[in-house]
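Each chain, written out:
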Amino acid sequence: MPKHYRLPGKKKEGNAAKYITRSQAVKYLQVSLSVFRKLCILKGIFPREPKKKVKGNHHTYYHVKDILFLKHEPMLETLRDIRAYEKKVKKAGTKKNWDLVERLNKQKPTYSLDRLVKERYPTFIDALRDLDDCLSMVHLFAALPAVERERIQVGQIHKCRRLSHEWQAYISRTHKLRKTFLSVKGIYYQVEVQGQTITWLTPHALQQVLPTDVDYNIMLTFLEFYETLLGFVNFKLYQSINMKYPPIIDSRLEDLAADLYALSRYFDANARASVVESIDVSSSEESELKLARLQHHLPTNELGALMNLVEDVGEKDEDDAETKECRNFFKDMKFFLSREVPRESLLFVIPAFGGVVSWEGEGAPFPESDQSITHQIVDRPTQSRKFLSREYVQPQWIYDCVNFRVILPTDEYLVGRVPPPHLSPFVDNEAEGHVPEYAEAIKRLQAAARKEVLPLPGAGEEDLGDPQNLLGIIDRAEEIEAAEKKRKMAILQKQYLDEQKLKLEGCNYYDRQNVSKQKDAEGLDADADADADADVEGTDADADVEGTDADEVPPPDLRQIAEDADNMSKVLISRKKRKLLEAMEIGNERKRAHVKLLKERKKKIDEAEKSR
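This one's a predicted model, so the numbers in the text were calculated from it and none came from an experiment. Residue positions are counted from 1 within each chain, in the order its sequence is given. Note on the predicted model: pLDDT of at least 70 is required for a residue's local features to be given, and 80 or more for side-chain atom pairs to be given and counted; whole-chain, interface and lining totals, by contrast, use all residues. Hydrogen atoms and water are omitted, and side-chain values are computed over all heavy atoms in the structure.

**Q** Would you take a moment to explain the sheet that holds strand E8 (residues 375-377) for this structure?
**A** Consider a sheet: its strands pair through backbone hydrogen bonds, and that pairing is either parallel or antiparallel. If you trace the four strands from one edge of the open sheet to the other, you get E7-E6-E8-E9, paired in parallel fashion. Strand pairing shows two members of the sheet lacking a second neighbour, strand E7 (356-359) and strand E9 (391-393), which therefore form its edges. Between one strand axis and the next, the sheet turns by 25° as a mean value, whatever way the strands run. Two strands pair if DSSP finds at least two bridges between them. Helical segments are the DSSP runs of H or I of at least four residues, strand segments are the runs of E of at least two, and each set is numbered from the N terminus. Where strand E6 (residues 334-337) and E8 come together, three bridges link them in parallel fashion. Only the stretch in contact is used when fitting a helix axis, every axis being a line fitted to C-alpha atoms; angles between N-to-C directions are given from 0 to 180 degrees.

Below, the structure is given as structure tokens:
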């Protein structure tokens, strides 16, 4: 018998050796199911889907290497100690030994998730890439009520609010907000931080109802990790703009639920302090350089060069063009928020695009009677008291202006009017196959703001070469040149389409041209013979013509030929790719049906408006 021989069945191979069920993993680690779930969430280990499920389809499978990874985790021992501690406290409480319970409460084992955050995200960019779910979860719990039976504590709610406001204050200060959209679920935001696009959802500021079919223990475990992660990210971002973390904010404004305004004042105070420090440093350097010039005869331009280095330390030219555009978008505009509008959202969006904002209530930076206010945001049917020096618009005007980067006319957004449809900036209308009417109007406003030339309504982008469809005046020579170019392109396109049709028929385009030339030559010879002997050959020529007409093959059905070629191409591909292709075709068909339905609705609405 060979040395390395193993009896059949003694060694597991394949999926049986690579994967393990959840019950086997819990038994192997000697922990409860709740502790196993918590450990998997904190370590970032998720179930796998093997190709062949050895134990059956009703089991949850994990990779063996992941379970061995958990086996050597130091937190596993801490969780076991916490489990033993809870048993001790419960036993002491059952025996009514309250001194022991009080003593045990002071010795509760604790753990920190800092090491796990650094382990899962080695670089800061990795943490930013995985920040979408983190921000959505933190903003969700910041709007939830504290419920004891679901173990949602008041301290967690306040911590989530603090972390979310710190994140929003940084985004608003650095002008990194790019898109926002109001939906039934909540408000979507998209920012761009250090080249990473981050999107999250914030619930509306309404009373939240907790559903009963949700496992809040699992959500709280995720929240525990996400709070630590967002704390690390906020610390790193604040350090990047030379701000101390955590920020110290005014407790009076915090009590008045004006956390974002308090954080903006903290940023302004730190910026002024940094400028003062830079001025002090520059003055000391100036005196030292004067002394050095007298002693060592430094060049006279040395002082100016160093002064330019320390001047305006708060201003950075490292921002990209989009950030500069966002910083000056609402420049020289002052907004006032009425009490019925979503205050927290607008306090986040307006300063992110360079605007100055105030609200109705205590702690506001300026009152409603300020004459320098340019726009007042109102969300009510009528406005009794009005100032002639400002415009009264609905909150949707702010979000539409921000999404499309153009100051829209306020006529459609006045108080009491039905606003235009709120278009999502996350949808590509060209890819969907349907461009709403209001999107086309906004596109023309954007082109007018950039002083671009667009085709007339009803013409596409391909018609820009046509002089008749251009907005503007073109020289006669350019007009003739464009028309000639378009004519040549039409001829080449027709020739290409004819060639493709003939290829489907199994004949070459140039062979068909030669055949047609031969037929034309034969027709000329037949005409000459007919002229020579018209009485005799006339009847034969007629018979030949009738014969050729009778022998002509009817034109092929090009649609059927295309379907046959498509079916043949499907036969040649694998089953997996064929199923994927069929799923794509079903999706495209649904998209076309949806576009058709939208057009029908639009047609009915137009007909109803005409009939009025």
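Now that the structure has been shown, we can carry on.
**Q** Would you take a moment to explain the pairing of strand E4 (residues 187-193) for this structure?
**A** Regular strands place side chains that alternate from one sheet face to the opposite one. For E4, a buried count of five out of seven residues is recorded, marking the element as mostly surrounded by other parts of the structure. Looking at chain direction, strand E3 (residues 177-182) and E4 are connected through five bridges and run antiparallel. Following the sheet pairing, threonine 180 is matched in E4 by tyrosine 189. Count of turn residues in the E3/E4 antiparallel hairpin: four residues. Relative to strand E5 (residues 196-202), E4 runs antiparallel, the two being bridged by seven bridges. Looking at the pairing, glutamate 192 lines up with threonine 197 of E5. What sits between E4 and E5 in their antiparallel hairpin is a turn of two residues, with glutamine 194 showing a positive phi close to 50°. Here the term buried applies to any residue with accessible area under 20% of the maximum for its type, exposed to any over 50%, and partly exposed to those in between, with areas from a 1.4 Å probe on protein chains only.

**Q** So what exactly am I meant to see when it comes to the pattern of salt bridges here?
**A** When charged atoms on two side chains of opposite charge get close, those side chains can pair. A pairing counts as a salt bridge when a side-chain nitrogen of Lys or Arg comes within 4 Å of a carboxyl oxygen of Asp or Glu. In the structure shown here, the tally under the stated rule is 22 salt bridges. For glutamate 49, the salt bridge goes to lysine 53, with nearest N and O atoms at 2.9 Å. A salt bridge links arginine 161 to glutamate 344, with the shortest nitrogen-to-oxygen separation between them at 3.2 Å. Within this pair, whereas arginine 161 is found in helix H10 (residues 154-174), its partner glutamate 344 is found in helix H16 (residues 343-352), the two being separated by 183 residues in sequence. Overall, the relative accessible area of 24% leaves arginine 161 in the partly exposed class. Since its relative accessible area comes to 35%, glutamate 344 is described here as partly exposed. Salt bridges sharing common partners tie together Lys43, Glu73, Arg115 and Glu119.

**Q** Is there a simple way to explain the nonpolar core in this structure?
**A** Counting residues in hydrophobic clusters, the biggest one holds 98 residues, and the most contacted among them are Phe36 and Trp167. The element contributing the most residues to this core is helix H11 (residues 216-240), with 11 residues. Side-chain atoms within 4.5 Å are what join buried Ala, Val, Leu, Ile, Met, Phe, Trp, Tyr and Cys residues into a set we call a nonpolar core.

**Q** Where do I start with the sheet that holds E3 in this structure?
**A** Read from one edge of the open sheet, three strands run E3-E4-E5, paired in antiparallel fashion. On the outer flanks of this sheet lie E3 and E5, each paired with one strand and no other. Taken pair by pair, the neighbouring strands of this sheet meet at an average axis angle of 15°, ignoring direction. Strands in contact with H10 are E3, E4 and E5; relative to E4, the strand with the most contacts, it is inclined by about 60°. Whether two residues touch is decided by their heavy atoms; if any such pair falls within 4.5 Å, the residues are in contact.

**Q** Mind showing me how you'd approach a negative patch on the surface here?
**A** A cluster of like negative charges, contributed by Asp428, Glu430, Glu432 and Glu440, occupies part of the molecular surface. With respect to the element layout, aspartate 428 can be found in the loop between helix H17 (395-404) and helix H18 (429-432). For aspartate 428, a relative accessible area of 48% corresponds to the partly exposed category. Distance thresholds for patches are 9 Å for like charges and 5 Å for nonpolar side chains (Val, Leu, Ile, Met, Phe, Trp, Tyr), applied to residues having over 30% relative accessible area and no salt bridge. The Shrake-Rupley method, run with a 1.4 Å probe sphere, supplies the accessible areas, and residue values consider only the shown protein chains as cover. Positive charge is attributed to Lys and Arg, negative charge to Asp and Glu, and no charge count is given to His or to the chain ends. Here the site of a charge means NZ on Lys, CZ on Arg, CG on Asp, or CD on Glu.

**Q** How should the side chain of threonine 410 be read in this particular structure?
**A** Summarising the element assignment, threonine 410 is placed in the loop between H17 and H18. Non-local contacts of threonine 410, meaning those with residues more than four positions away in its chain, are made with Glu391, Val393 and Trp397.

**Q** Which parts of the structure should I look at to understand the side chain of histidine 375?
**A** With respect to the element layout, histidine 375 can be found in strand E8. Here the side chain of histidine 375 touches threonine 374 through a polar contact of 3.0 Å, side chain to side chain. Among all residues touching histidine 375, those that are not within four sequence positions of it are Met333, Lys334, Phe335, Phe336, Arg390, Glu391 and Trp397. Polar contact is the term for a pair of N or O atoms within 3.5 Å; when the atoms are in protein, one must be able to donate a hydrogen and the other to accept it, and sequence-neighboring residues count only if both atoms are side-chain atoms.

**Q** Honestly, the environment of valine 209 in this entry has me stumped. Any pointers?
**A** Following the sequence through the fold, valine 209 ends up in the loop between E5 and H11. When the C-alpha atoms of valine 209 and proline 145 are compared, they prove to be 8.7 Å apart, with 64 residues separating the residues in sequence.

**Q** Can you help me understand unusual backbone geometry in this one?
**A** What is expected of a backbone is that most residues other than glycine have negative phi and most peptide bonds are trans. The omega torsion across tyrosine 245 and proline 246 is 0°, close enough to zero to call that bond cis. Among the secondary structure elements, proline 246 is positioned in the loop between H11 and helix H12 (251-255). A positive phi angle, near 60°, is found at glutamine 30, a position not held by glycine. Tracing the backbone through its elements, the reader meets glutamine 30 in the loop between helix H2 (22-29) and helix H3 (33-43). Here glutamine 30 falls in the exposed class, since its relative accessible area comes to 66%.

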